[in-house]
Amino acid sequence: MQQERVIYPLPIPWQRVYKAMCSFAAMNPCVPASPPRPPILAGWVYSNDLQKGACWADYVRWAESNGCPELLEINPTDFYITDTPTTHEVGPMGGALYPHATHDPKPYPDKLELSIMMTKLQSSWASIAGTSLAGATKPLQFTGEKSRALLVAANSEFTPAWGSWKHLSKTAAHRAVFSELRTNVNAAIYPHEVDHINFKVGHLSVTASGHAERAQPAK
């Protein structure tokens, strides 16, 4: 039986909607008193497309019933849309929890598919990485035999929230920021996904619009 189309926002814009709804609920009587919580971090990783779509539908109902539908306004490029949503239980690595629930393995993406995915990452990078990080980085290319690593140019003068461009902080909360970045990337390029994000550190020139223009390897 054919699945219906599923639509939901990427994590960062979804979190912005949630914060706006919480502010609205704090100043107005609402039913329920608070909006639903968004699926972030582990909640995002361990939920499939149908579950995320159902959660977003709850947001729409809450906003409409409480008279604040304008809070749902999100840039169309910040939505994930699929006509073949995942329905299986999600395991620790983001795949199906039970092998019999998976479909036949998909072929590796070809050059055209990789190009399309890279264009999508670059055009939506501010929503995927967040404004601050996006101003100091730019996705460059997929690498590795199966194209399951993402190479990102990074400004050597910027310090990422997770510690450094080469190492993760020992603090769990800081490492979670990097995990969220990889989750956002995989949500944007689904059904393809990357296991690693590597950084090419150098002097990154960023235009006023936030687009990186060049990256030179650090000496």
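Residues numbered from 1 in each chain as written. Predicted model: local features only at pLDDT ≥ 70, side-chain atom pairs only at ≥ 80, totals over all residues. Heavy atoms only, no water.

(A) Expanded view of the overall build of the protein. Looking only at helices and strands, the protein features seven helices and seven strands. The order of α-helices and β-strands along the protein, N terminus first, is β-α-α-α-β-α-α-α-β-β-α-β-β-β. Taken over 219 residues, the protein has a buried fraction of 40%. Sequence-distant contacts in the protein: of pairs separated by 6 or more residues, those separated by 24 or more amount to 62%. When the accessible surface of the protein is summed, it comes to about 12,900 Å², and 56% of that surface belongs to carbon and sulfur atoms. (Helix = DSSP H or I, 4+ residues; strand = E, 2+ residues; numbered from the N terminus. Buried < 20%, exposed > 50% of the residue type's maximum accessible area, 1.4 Å probe, protein only. Contact = heavy atoms within 4.5 Å. Areas by Shrake-Rupley, 256 points an atom, 1.4 Å probe, with all protein chains shown as cover.)

(B) Region of the structure containing the packing of aromatic side chains. Enumeration according to the criterion identifies 13 aromatic pairs in this entry. Cluster of aromatic residues (ring-pair linked, three or more members): Tyr8, Trp14, Trp56, Tyr59, Phe79, Tyr80 and Tyr190. (Phe/Tyr/Trp six-rings, centres within 6.5 Å; stacked < 30°, edge-to-face > 60°.)

(C) Region of the structure containing the packing of helix α1 (residues 11-27) against helix α3 (residues 49-65). Across the interface, α1 lies against α3 with an axial gap of 12 Å and an inter-helix angle of 30°. Here α3 runs roughly parallel to α1, going by the angle between their axes. Note that α1 runs across α3; the crossing there is left-handed. Across the interface between the two elements, Trp14, Val17, Tyr18, Met21, Phe24 and Ala25 from α1 touch Lys52, Cys55, Trp56, Tyr59, Trp62 and Ala63 from α3. (Axes fitted to C-alpha atoms, helices over the stretch in contact; angles between N-to-C directions. Parallel < 35°, antiparallel > 145°, perpendicular 65-115°, else oblique. Left-handed = near helix turned anticlockwise from the far one by under 90°.)

Just distances and angles here, no functional claims.
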